[in-house]
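Examination of the molecular architecture
Now for the letters of each chain:
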Amino acid sequence: MPIIAKGLEGVIANSTSLSDVRGDEGKLLYEGYNINELAGHVSFEEVIHLLWHGRLPTAAELLRLHEELADERELPEEVVDFILCAPKNANPMDVLRTGISMLGLYDSKGGKDSLDPTDSLKYLRAASITAKMSVIAAYYHRARQGKDLPPINKELTESEHFLYLLEGKIPSQEAAETLDVCYVLHADHGMNASTFSARVTISTLTDIYSAVTSAIGTLKGPLHGGANEGVIQMLQEIGEESNVTAWLDKTLLEKKKIMGIGHRVYKTLDPRAPHLRAMAFQMCEGLGENKWMKMAERIASLMKEKKGLNANVDFYSAIVYYSLGLPTDMFTPVFSIARVAGWTAHILEQLADNRIYRPLSEYIGPEEGKKVIPISQRE
Ligand SMILES: CC(C)(COP(=O)(O)OP(=O)(O)OC[C@H]1O[C@@H](n2cnc3c(N)ncnc32)[C@H](O)[C@@H]1OP(=O)(O)O)[C@@H](O)C(=O)NCCC(=O)NCCS
């Protein structure tokens, strides 16, 4: 008897060893490591290795991975031209999606060689896409402001390099470390919507660029990655802590969703949120700007009280990104830069034991038996 599950809630679509979202316990595991064991203790590059190869790297493997990623940072000239010509008011997620899609055109094999699960080239394609995501996003942000595009630097880590490209100067250690922890916390998250898109797309044996392009388009939506941008817009709209209660009551009465609150799987705390909350506090204190955190805390406690819902990863990451000086519309691209580690790992895992996704649908249209009326007689 087929089961109908709207939004595929509760449906297990496949097996994975990459990450486990334990909603009832409020736990997140990457390859057996609790996220609390990883956040603040290992770098984003170490997590990339963990997801792609199933284990944390040795020092020599980490160095090799760093070199592989750094060697893949340079964009094809045509993609740089596209970034320079893209409308200045475009959504950076659209530029990222189109940029990644374009990379497939300038890959001599169109990424098709990444389909062989036994071939080492699959890691090269994954590294190439992972390394170029942040370059496309940062270059577009520079280009839309009419600023120069800083030359690629091969020495810097992924988080340092992104901030360097955005600002045109080497970032502070504190800023890079903060972003790095954000990357670690966002790298993978079970069968979330964008990861599922990537797996569905690659399961047709199309190319890796198409799969990542699908994932970016999916992450862009306000119910997924786009929620973090909505958090800052919400705080700006509310304006003052004293306005929170009235604003929240009115918004809930209008049956609108509060961005950064609630989760499909976590029914207790989102385990990533406390890390981001602590960083958000620290950053706001450092900037001498506590207003946002006070408002956020009030919203979080009222939502817990009124609806029994907790703040999710986006709620506090928005404040961390804001405090890092990132423009609001770059929040979701930053999420993508981290999540591409998980997307590519899932693509490789899917290819290693592939079966095309082909669920059923419940037909709710009219009964069979309608007859075609000639067009001249139709009303
Ligand atoms: C994450 C999210 C999409 C999960 O959706 P879902 O599992 O389909 O949950 P539902 O939308 O069915 O919500 C269940 C109930 O909680 C309420 N609810 C869930 N999230 C809510 C929110 N952010 N604000 C207000 N009410 C919310 C729903 O209105 C619904 O109430 P009802 O039963 O009285 O109708 C949803 O919580 C949401 O839209 N959150 C805001 C966007 C966000 O932060 N996304 C990032 C997720 S990491």
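The structure presented is a predicted model; accordingly, all values stated were derived computationally and were not measured. (Residues numbered from 1 in each chain as written. Predicted model: local features only at pLDDT ≥ 70, side-chain atom pairs only at ≥ 80, totals over all residues. Heavy atoms only, no water.)

The next thing to look at is the domain arrangement of the protein. Domain annotation of the protein identifies domain 1 (31-222 + 331-352) and domain 2 (227-323). Distance between the C-alpha centres of domain 1 and domain 2: 27 Å. The interface of domain 1 with domain 2 comprises 18 residues on the first partner and 20 residues on the second. Counting the surface lost from both domain 1 and domain 2, the interface buries some 1600 Å², and carbon and sulfur atoms represent 65% of this. Summed over the three residues of domain 1 that lose the most area to domain 2, namely Leu185, His189 and Phe331, the buried surface amounts to 39% of that side. Between the two partners, domain 1 and domain 2, sit zero salt bridges. The interface formed by domain 1 and domain 2 contains six residue pairs in polar contact (both at pLDDT 80 or more). Mapped onto the side of domain 1 that touches domain 2, the elements with two or more residues apiece are helix 1 (35-38), helix 8 (173-186) and helix 16 (331-352). The residue inventory of the side of domain 1 that touches domain 2, partitioned by class, reads eleven nonpolar, six polar and one charged. (Domains from an automatic or database assignment. Contact = heavy atoms within 4.5 Å. Buried area = accessible area lost by both parts, 1.4 Å probe. Salt bridge = Lys/Arg side-chain N within 4 Å of Asp/Glu carboxyl O. Polar contact = N/O pair within 3.5 Å; in protein donor to acceptor, adjacent residues only side chain to side chain. Helix = DSSP H or I, 4+ residues; strand = E, 2+ residues; numbered from the N terminus. Nonpolar A, V, L, I, M, F, W, Y, C, P; charged D, E, K, R; others polar.)

Pairing is antiparallel across the open sheet formed by three strands, whose spatial order is 1-2-3. Of all the strands in the sheet, the pair left with one neighbour each is strand 1 (19-22) and strand 3 (33-34). Here strand 1 pairs with strand 2 (residues 27-30) via four bridges, running antiparallel. If you follow Val21 over to strand 2, its bridge partner there is Leu28. (Pairing = 2+ DSSP bridges.)

Both faces of the sheet carry side chains from a regular strand, because those side chains alternate between them. Residues Ser19 and Val21 of strand 1 are buried on one face, while the alternating residues Asp20 and Arg22, pointing to the opposite face, are not. Remark: four residues form the turn of the hairpin made by strand 1 and strand 2, two consecutive strands paired antiparallel; Gly26 in that turn has positive phi of roughly 65 degrees. (Buried < 20%, exposed > 50% of the residue type's maximum accessible area, 1.4 Å probe, protein only.)

With respect to spatial proximity, 18 residues lie near the ligand, and among them Lys257, Ile258, Gly260, Ile261 and Arg264 are the closest. Between an oxygen atom of the ligand and a main-chain N or O atom of Gly260, the distance comes to 2.8 Å. Protein burial of the ligand: of its 850 Å² of free accessible surface, 65% is covered by the chains. Here the shell around the ligand is built from residues that sort into eight nonpolar, five polar and five charged. (Near = heavy atom within 4 Å. Areas by Shrake-Rupley, 256 points an atom, 1.4 Å probe, with all protein chains shown as cover.)

Before going further, it helps to spend a moment on the side chain of His49. With respect to the helices and strands, His49 occurs in helix 2 (residues 44-53). Polar contacts involving the side chain of His49 include one to the main-chain carbonyl oxygen of Arg55, which spans 2.8 Å. Each residue touching His49, except ones within four places of it in the same chain, is listed here: Gly54, Arg55, Leu56, Pro57, Glu61 and Leu65.

Secondary-structure assignment places Thr251 in helix 12 (residues 244-253). Residues contacting Thr251, with those up to four places away along its chain left out, are Lys256 and Ile258.

At a minimum axis separation of 8 Å, helix 5 (residues 92-105) and helix 16 run at an interaxial angle of 35 degrees. Taken together, the residues of helix 16 that come into contact with helix 5 (itself represented by Pro92, Met93 and Leu96) are Thr332, Pro333 and Ser336. (Axes fitted to C-alpha atoms, helices over the stretch in contact; angles between N-to-C directions.)

Joining two cysteines, a disulfide is a covalent bond between their sulfur atoms. If you walk through the whole model with that rule in mind, you get zero disulfides. Sulfur of Cys284: no disulfide; nearest cysteine sulfur belongs to Cys182 and is 12 Å away. (Disulfide = S-S within 2.5 Å.)

For the rest of this paragraph, the subject is unusual backbone geometry. At Leu205, a position not held by glycine, the phi torsion is positive, near 65 degrees. Inspection of the secondary structure assignment puts Leu205 in the loop between helix 9 (193-202) and helix 10 (208-219). You can call Leu205 partly exposed: its relative accessible area is 43%.

On to the pairing of strand 2. In this sheet, strand 3 lies alongside strand 2 in antiparallel orientation, the contact comprising two bridges. Bridging from a neighbouring strand, Leu29 pairs with Asn34 of strand 3.

Another point: the packing of aromatic side chains. All chains considered together, the criterion is met by five aromatic pairs. Between Phe196 and Tyr357, the aromatic rings sit 5.5 Å apart at their centres with planes inclined by 85 degrees, giving edge-to-face as the arrangement. One end of the pair, Phe196, is in helix 9; the other, Tyr357, is in the segment after helix 16, with 161 residues separating them in the sequence. Relative accessible area serves as the criterion here: at 21%, Phe196 is assigned to the partly exposed category. Given a relative accessible area of 17%, Tyr357 falls into the buried group. The positively charged end of Lys291 is found above the aromatic ring belonging to Trp292, 5.7 Å away from the centroid. (Phe/Tyr/Trp six-rings, centres within 6.5 Å; stacked < 30°, edge-to-face > 60°. Lys NZ or Arg CZ within 6 Å of the ring centre and 35° of its normal.)

With that out of the way, let us pick up helix 2. The element helix 2 is extensively covered by neighbouring structure, given that nine of its ten residues are classed as buried. Among the residues of helix 2, Phe44, Glu45, Glu46, Val47, Ile48, His49, Leu50, Leu51 and Trp52 are the ones counted as buried. In the stretch just after helix 2, Gly54 is the one whose phi turns positive, near 85 degrees.

The subject of this paragraph is the pattern of salt bridges. For side chains bearing opposite charge, pairing can occur when the charged atoms are close. If you walk through the whole model with that rule in mind, you get 19 salt bridges. Among the salt bridges present, the one from Asp20 reaches Arg22, with a minimum N-O distance of 2.8 Å. Exposure remark for Asp20: the relative accessible area of 30% places this residue in the partly exposed category. Each member of the salt-bridge network shares a partner with another, and the members are Asp94, Arg97 and Lys220.

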